[in-house]
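The primary structure of each chain is shown beneath.
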Amino acid sequence: ALHASFASKAQKESQNFNYRFQPQASYKVAVLGAAGGIGQPLALLIKMSPLVSDLHLYDIANVKGVAADLSHCNTPSQVRDFTGASELGNCLKGVDVVPAGVPRKPGMTRDDLFNINAGIVRDLVSAVADNCPGAFIQIISNPVNSTVPIAAEVLKQKGVYDPKKLFGVTTLDVVRANTFVAQRKNLKLIDVDVPVVGGHAGITILPLLSKTRPSASFTDEEIEELTVRIQNAGTEVVEAKAGAGSATLSMAYAAARFVESSLRALDGDGDVYECAYVQSDLTDLPYFASRVKLGRKGVEALIPSDLQGLTDYEQKALEALKPELKASIEKGVAFAQKQA
Ligand code: NAI
């Protein structure tokens with residue numbers, strides 16, 4: 001009797017657990033670079049989403065084991081693995097696509113990273129264009145400031161570019177800004193929201209601390225300290241890992257949040273806002289990260305209000321980041337056009 005009641009209790013808990021994961025909708029998500037440092041935890045977090053029915057994992061190696069492992073989690077989505085270029089087309093039936101590349105190692109310059117990742121992003125996005133041109137494409141591979149323009153050019157060359165569905169994932173900058181501001185100002189983490197605009201490297205990352213919600217006041221020293229820490233937070237992790245890679249767990253968390261927001265928007269939730277690096281007319285630059293409203297068709301609106309009424313510090317930082325961001329965009333466009 002004891003055994004029976006224990007069994008039924010366990011069964012009930014299992015049912016409760018599963019109940020939380022009943023699929024509310026059925027979207028397909030493809031993670032590209034799924035065996036990597038970001039790809040694995042990202043795949044796990046997506047496997048926990050009640051909005052996902054199919055999770056496709058692609059990598060050039062080592063993805064079979066990751067998929068077998070994840071497939072034992074009793075959450076609704078079906079996991080399938082795809083290895084190598086010959087299986088990429090079959091993988092890409094997805095709504096959300098997350099390409100990845102190689103990590104930033106200490107001593108590696110941004111140019112080294114560009115040379116490797118530019119070609120990978122070009123090839124992956126080209127396959128996306130051929131197989132699932134209507135998907136939301138979410139670029140994580142650095143340098144995001146250049147890889148997004150590369151992706152856009154490839155999609156244009158294929159005649160399927162929809163600027164509303166191409167995103168550079170900058171969510172990690174927002175996640176970091178929220179965490180650091182909450183810590184510094186002793187605020188409840190869950191409430192804090194700091195918009196981060198510009199791009200996704202060094203000084204192009206511009207946290208708009210004056211727009212923090214709930215409103216908070218900062219001394220000049222705090223603004224300088226927090227801004228620089230948010231801009232260099234990636235380096236903090238690279239140095240702490242000392243050769244073992246860059247931010248992977250916090251990045252996976254951030255990317256999973258962006259995927260989940262996208263799925264909620266696809267599912268008809270009319271109240272989804274995220275920061276992302278997208279084609280934009282908010283400044284004189286063709287691509288710019290800002291808050292955007294997400295809807296069923298991707299970017300429903302850019303939110304210009306964050307850029308109004310900036311402090312002197314923010315206005316100067318905005319002007320200072322523009323030449324670097326412009327150069328990164330032009331470098332990406334030139335790479336893609338040279339290859340065409
Ligand atoms: P990783 O090296 O651990 O994983 C990369 C994965 O990509 C590996 O499994 C590798 O086999 C796979 N891969 C290599 N060539 C491929 C190809 N042609 N097609 C598909 N997969 C391929 O790297 P990690 O740490 O996961 O980082 C991935 C990327 O994310 C890097 O470019 C990194 O700079 C970027 N990143 C972006 C952040 C952001 O905030 N947007 C933050 C942190 C990293």
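Note that the structure is predicted; figures quoted are calculated from it, not measured.

Caption draft 1: Molecular detail of the overall build of the chain. Counting secondary structure elements, the chain contains 10 helices and 11 strands. Residues classed as buried in the chain amount to 45% of the 340 residues present. A separation threshold of at least 6 residues defines the contact pool for the chain, and within that pool the share at least 24 residues apart is 69%.

Caption draft 2: Highlighting the site of the ligand. Of all residues adjacent to the ligand, which total 30 residues, the nearest are Gly33, Gly36, Gly37, Ile38 and Asn142. No other element matches helix α5 (residues 110-131), which puts 3 residues into the shell around the ligand. Across the shell around the ligand, the residue classes tally to 16 nonpolar, 12 polar and 2 charged.

Caption draft 3: Region of the structure containing the pairing of strand β10 (residues 287-295). By the criterion of burial, β10 is predominantly enclosed, with 7 of the 9 residues buried. In this sheet, β10 lies alongside strand β9 (residues 272-279) in antiparallel orientation, the contact comprising 8 bridges. Across the sheet, residue Glu274 finds its bridge partner in β10, namely Val292. With 4 bridges connecting them, β10 and strand β11 (residues 298-302) associate as antiparallel partners. When the bridges of β11 are listed, Lys293 appears paired with Ala301. Taken together, β10 and the strand that follows it, β11, pair antiparallel across an intervening segment of 2 residues.

Caption draft 4: Looking closely at the environment of Gly198. Structurally, the position occupied by Gly198 is in strand β7 (residues 196-198). Owing to 30 C-beta atoms within 10 Å, Gly198 belongs among the buried residues under this scheme. Distance from Gly198 to Ala289, taken between C-alpha atoms, is 4.7 Å for residues 91 residues apart in sequence. In contact with Gly198, not counting residues within four places along its chain, are Thr204, Ile205, Leu206, Phe288, Ala289, Leu321 and Leu325.

Caption draft 5: Quick look at the packing of helix α7 (residues 171-185) against helix α8 (residues 220-241). Between α7 and α8, the least distance of the axes is 9 Å, while the angle of their chain directions is 145°. The crossing of α7 and α8 is right-handed. Taken together, the residues of α8 that come into contact with α7 (itself represented by Asp173, Arg176, Ala177, Phe180, Val181 and Arg184) are Glu222, Leu226, Arg229, Ile230 and Ala233. Across the contact of α7 with α8, the residue classes tally to 6 nonpolar, no polar and 5 charged.

Caption draft 6: Summary view of α8. In a regular helix each residue adds 1.5 Å, so 22 residues correspond to 32 Å; α8 covers 31 Å between its end C-alpha atoms and thus fits that length. Its maximal kink placed at Asn232, α8 deviates by approximately 55°. Listed as buried for α8 are Leu226, Thr227, Ile230, Gln231, Ala233, Gly234 and Val238. Close packing links the buried residues of α8 with α7 and β8 (205-207).

Caption draft 7: Looking closely at the pairing of strand β2 (residues 52-59). By the criterion of burial, β2 is predominantly enclosed, with 6 of the 8 residues buried. With 6 bridges joining them, strand β1 (residues 27-32) and β2 adopt parallel strand pairing. Note that in β2 the partner of Val29 across the bridge is Leu55. Inspection of the sheet shows β2 paired to strand β3 (residues 78-83) by 6 bridges, in the parallel sense. The residue of β3 that forms the bridge with His56 is Arg80. One crossover worth recording links β2 to the parallel β3 by way of helix α3 (residues 63-71), and it is right-handed.

Criteria and thresholds
Residues numbered from 1 in each chain as written. Predicted model: local features only at pLDDT ≥ 70, side-chain atom pairs only at ≥ 80, totals over all residues. Helix = DSSP H or I, 4+ residues; strand = E, 2+ residues; numbered from the N terminus. Buried ≥ 20, exposed ≤ 12 C-beta atoms within 10 Å, placed from the backbone. Contact = placed C-beta atoms within 7 Å. Near = placed C-beta within 6 Å. Nonpolar A, V, L, I, M, F, W, Y, C, P; charged D, E, K, R; others polar. Pairing = 2+ DSSP bridges. Axes fitted to C-alpha atoms, helices over the stretch in contact; angles between N-to-C directions. Left-handed = near helix turned anticlockwise from the far one by under 90°. Expected span 1.5 Å × (residues − 1). Bend = angle between axes of the 7 residues up to and from the residue. Right-handed = clockwise from strand over helix to strand, strands pointing away.

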